[in-house]
Amino acid sequence: MHYDLLIKNGLIVTPNKTFKGDIAITSGIIAQIEFASCNGVYENTADLIYDAEGKHILPGIIDAHVHFRDPGLTEKEDFESGSIAAAMGGITMVADMPNVIPVTSSVQRFNEKIEIARRKSYIDFALFALLTDENLKETEDLKNAGALGFKVFFGTSTGDVACPSLPILLEQMQKCKEIGMRIGFHCETSELNSYLTTAFKQATDAKIAYNNAGLWLTDARPVFSETLAIQTVICYAKYTGAKIHIHHITSSDGTVLVSEAKQKGIDISSETCPHYLFFDAEKYTHKVYPPIRDEKNRLALWEAINKKVIDIIASDHAPHTAKEKSLPIWDAPAGLCGTETLVSLFLNEVNKGKLSINDFVRLASENPAKIWGIYPQKGNIEPGADADITIVDLKKKTIIKAENLHSKSKTSPYDGMEVQGVPVATIVRGNFVMKDGELTGEKGYGVLVSPN
Ligand code: DOR
Ligand code: ZN
């Protein structure tokens, strides 16, 4: 048997165990995994041998929520720069959002976007399609075109993408139930947000009352705006039986609603992002929607991760130009860069004992793959799976510097932070896309990943 690549002596990490072993890869697929060292059995039959002594070998980390801004907003990012940033950060696959220009809401636009990503992406990619008031007739065709899932912006954000009206949403969800597609929701209530935000902007006194703009933001788009939307979506899921996913949960109340819905047997999954886990609004002002909350909510999110109420960690990488981000708080667009720093940030937490490395691969590899229907091809370090592998050095330290990141937008809320734990290789279908901090892949290598 001839193997293309042999990764030797590393500590292989699954959601359930960590063990020393060797991985043999052929034609982009994991061919065999051997416990402990295989004493040279493979040496003569592999083209390339990578010695991973002292490193951890993770199933390829999936960033299931990114905005690569292609097409239409490419001054902020495009599929090339975004996928390079992801690959440099140890990500083997991303799922990209549809709030681009034009929005990804028809089969034609979906196919155009596949072409863009196919030409530019260094890593594998999946694409969400948007549900709108207008595209009910295309829902099934979008599935057949290869959409990973659907996205609904219950709260508006970049692109001012409208939420379907409640009656059409009902029909859309009935359709999704019928065709077995999961819908991901941005849960905020737009009407409330615009009303409160306008009121806050006008209240000049607020500037005095709130000398912290972070608290200002969270009151202008409050937790109850999020929970009201989550409640509505859960009601719809209960009534229609459709599978739902709550993107970027920010609050304790939000996690309680998800937990109750899970207990009632609703097919619901949920996600949070690093900024909600690492920052609190009292100390930091990073403008993102939904906003970063206070310390109590932040700690509740960690608890929800431990209790498996939150299933996925994703970056919600949403770049804007440095110039846009430097505008005054109300004028600046919302969204933070994060795909390149995601893995390091959580390895740092693994080193601090906040979660195990096995938990991390469950949250950022296995669960995203299972929830979005691409398991066992992705999110899985077993024979027969795609050879997507993230190799990390848990001992290595680095200081995150925004200027060194590979996004078009050299902005990061983590600028200056020291982390211990660094991705040292990103392997996509058996190919090194990043090795030792150097980009070794090629654009156009990534392929579309669709549910099984
Ligand atoms: O802050 C945000 N920015 N939240 C979102 O949901 C969208 C994102 C964007 O696309 O800029
Ligand atoms: Zn997003």
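Located above this text is the structure these notes cover.
Visitor: For this particular structure, what's the right way to read the coordination of the zinc ion (ligand 2)?
Guide: Around a metal, the ideal angle is 109.5 degrees if four donors adopt a tetrahedral arrangement and 90 or 180 degrees if six donors adopt an octahedral arrangement. Donor atoms from the polypeptide that bind the zinc ion (ligand 2) are His65 (NE2), His67 (NE2) and Asp316 (OD), placed at 2.0 to 2.2 Å. All donor residues of the zinc ion (ligand 2) come from one chain, and their arrangement in sequence is H-x1-H-x248-D. Note on accessibility: histidine 65 and histidine 67 belong to one class, buried.

Visitor: Hey, could you run me through the side chain of serine 121 in this one?
Guide: With respect to the helices and strands, serine 121 occurs in the loop between α2 (107–120) and β8 (124–130). Here isoleucine 123 takes part through its backbone oxygen, which lies 2.7 Å from a polar atom of the side chain of serine 121.

Visitor: Honestly, the packing of aromatic side chains in this entry has me stumped. Any pointers?
Guide: Aromatic ring pairs are reported here in terms of the distance separating the ring centres and the angle at which the planes meet. On inspection of all chains with the given rule, the structure shows 13 aromatic pairs. Taken together through their ring pairs, the aromatic side chains of Phe278, Phe279, Tyr284, Trp302, Phe346, Phe360 and Tyr414 make up a single cluster. If you follow arginine 221 out to its NZ or CZ, it ends over the ring of tyrosine 289, 3.3 Å from the centre. The residue whose ring lies beneath lysine 370 is tyrosine 375, and the NZ or CZ to ring-centre distance is 4.8 Å.

Visitor: Just to check I follow, could you spell out the sheet that holds strand β9 (residues 149–153) for this structure?
Guide: Strand pairing in a sheet relies on backbone hydrogen bonds, with the paired strands running either antiparallel or parallel. Reading across from one edge, β6-β7-β8-β9-β10-β11-β12-β13 is the order of the eight strands in this open sheet, with parallel pairing throughout. The two strands at the open ends of the sheet, each matched to only one other strand, are β6 (61–66) and β13 (312–313). Sheet topology places β9 next to strand β10 (residues 183–186); four bridges connect them, and they run parallel. Across the sheet, the residue bridging to phenylalanine 150 is isoleucine 183, located in β10. Those strands touched by helix α1 (residues 79–88) are β7 (91–96) and β8, and its axis lies near 140° from that of β7. Of the strands in this sheet, β10, β11 (244–246) and β12 (268–272) are in contact with helix α8 (residues 223–240), which crosses β11 at around 170°.

Visitor: Help me out: how do you make sense of the environment of valine 94 in this one?
Guide: Looking at the secondary structure, you find valine 94 in strand β7. Separated by 29 residues in sequence, valine 94 and isoleucine 123 place their C-alpha atoms 7.7 Å apart. Apart from the residues lying within four places of it in its own chain, the contact partners of valine 94 are Asp63, Val66, Phe68, Phe79, Ala86, Ile123, Asp124, Phe125 and Ala126.

Visitor: Help me out: how do you make sense of α1 in this one?
Guide: Given 3.6 residues per turn, any residue in an α-helix points the same way as the ones three and four places further on. The element α1 is extensively covered by neighbouring structure, given that nine of its ten residues are classed as buried. Every buried residue of α1 is listed here: Phe79, Ser81, Gly82, Ser83, Ile84, Ala85, Ala86, Ala87 and Met88. As for α1, its buried residues are in contact with β7, α2, β8, β15 (418–428), β16 (431–435) and β17 (438–439). Measuring from the side-chain oxygen of the N-cap residue of α1 to the backbone nitrogen of glutamate 80 gives 3.0 Å; that N-cap residue is aspartate 78. Looking one or two places after α1, you find glycine 90, whose phi comes out positive at around 90°.

Visitor: Just to check I follow, could you spell out unusual backbone geometry for this structure?
Guide: In most cases, non-glycine residues show a negative phi, while peptide bonds are predominantly trans. Cis rather than trans, the peptide bond between aspartate 70 and proline 71 has omega equal to 5°. By the element assignment, proline 71 lies in the loop between β6 and α1. The step from tyrosine 289 to proline 290 runs through a cis peptide bond, and the omega angle for that step is -10°. Among the secondary structure elements, proline 290 is positioned in the loop between α10 (274–278) and α11 (295–306). In the Ramachandran plot, asparagine 9 falls in the positive-phi region, its phi being about 65° despite a non-glycine side chain. On the basis of relative accessibility, which here comes to 13%, the residue asparagine 9 falls in the buried class.

Visitor: Help me understand the packing of helix α5 (residues 190–202) against helix α7 (residues 213–220) in this model?
Guide: For any two helices packed against each other, one specifies the inter-axial angle together with the distance between the axes. Between α5 and α7, the least distance of the axes is 8 Å, while the angle of their chain directions is 140°. Viewed along their axes, α5 and α7 adopt a mutual orientation that is oblique. Residues Asn193, Leu196, Thr197 and Phe200 of α5 form the contact with α7, whose participating residues are Trp216, Asp219 and Ala220. Per-class residue counts for the contact of α5 with α7 are four nonpolar, two polar and one charged.

Visitor: Explain helix α4 (residues 166–179) to me, please; I cannot follow it from the model alone.
Guide: Over its 14 residues, α4 runs 20 Å from end to end, which matches the ideal 20 Å to within 8%, given 1.5 Å per residue. Close packing links the buried residues of α4 with α3 (139–145), β9, β10, α8 and β11. Immediately beyond the C-terminal end of α4, within one or two residues, lies glycine 180, with a positive phi of roughly 75°.

Visitor: Which parts of the structure should I look at to understand the pairing of β8?
Guide: Counted residue by residue, β8 has seven buried out of seven residues, so it is predominantly covered. Of the two faces of β8, the one carrying Asp124, Ala126, Phe128 and Leu130 and the one carrying Phe125, Leu127 and Ala129 are both buried. One ladder, built from four bridges, connects β7 with β8; its direction is parallel. For aspartate 96, the partnering residue across the bridge sits in β8 and is leucine 127. Bridging between β8 and β9 involves three bridges; their strand directions are parallel. Considered in β9, the bridge of alanine 129 is made with phenylalanine 150. Between the parallel pair β8 and β9, the chain is carried across by α3, and the sense of this crossover is right-handed.

Visitor: When you look at the pairing of β9 in this model, what are you seeing that I'm missing?
Guide: Along β9, five of the five residues are buried, which leaves the element largely enclosed by surrounding structure. Residues of β9 alternate between two faces, with Gly149, Lys151 and Phe153 on one and Phe150 and Val152 on the opposite face, all of them buried.

Visitor: Before we go on, may I ask you to explain the nonpolar core in this structure?
Guide: Among soluble globular proteins, nonpolar side chains are generally buried collectively. Within the largest apolar cluster, 86 residues are counted, with the highest numbers of intra-cluster contacts made by Phe185 and Phe360. Phenylalanine 360 has contacts with Leu58, Ile61, Val343, Phe346, Leu347, Val350, Leu355 and Ser365, leaving out every residue within four places of it along the chain. Grouped together as the second largest cluster of nonpolar side chains are 19 residues, Tyr50, Ile57, Ile391 and Ala425 included.

What counts as what
Residues numbered from 1 in each chain as written. Chains lettered and ligands numbered in written order. Predicted model: local features only at pLDDT ≥ 70, side-chain atom pairs only at ≥ 80, totals over all residues. Heavy atoms only, no water. Donors = N, O, S within 2.8 Å, 3.2 Å for Na, K, Ca; no water. Buried < 20%, exposed > 50% of the residue type's maximum accessible area, 1.4 Å probe, protein only. Helix = DSSP H or I, 4+ residues; strand = E, 2+ residues; numbered from the N terminus. Polar contact = N/O pair within 3.5 Å; in protein donor to acceptor, adjacent residues only side chain to side chain. Phe/Tyr/Trp six-rings, centres within 6.5 Å; stacked < 30°, edge-to-face > 60°. Lys NZ or Arg CZ within 6 Å of the ring centre and 35° of its normal. Pairing = 2+ DSSP bridges. Contact = heavy atoms within 4.5 Å. Axes fitted to C-alpha atoms, helices over the stretch in contact; angles between N-to-C directions. Parallel < 35°, antiparallel > 145°, perpendicular 65-115°, else oblique. Nonpolar A, V, L, I, M, F, W, Y, C, P; charged D, E, K, R; others polar. Expected span 1.5 Å × (residues − 1). Right-handed = clockwise from strand over helix to strand, strands pointing away. Core = buried A, V, L, I, M, F, W, Y, C linked by side-chain atoms within 4.5 Å.

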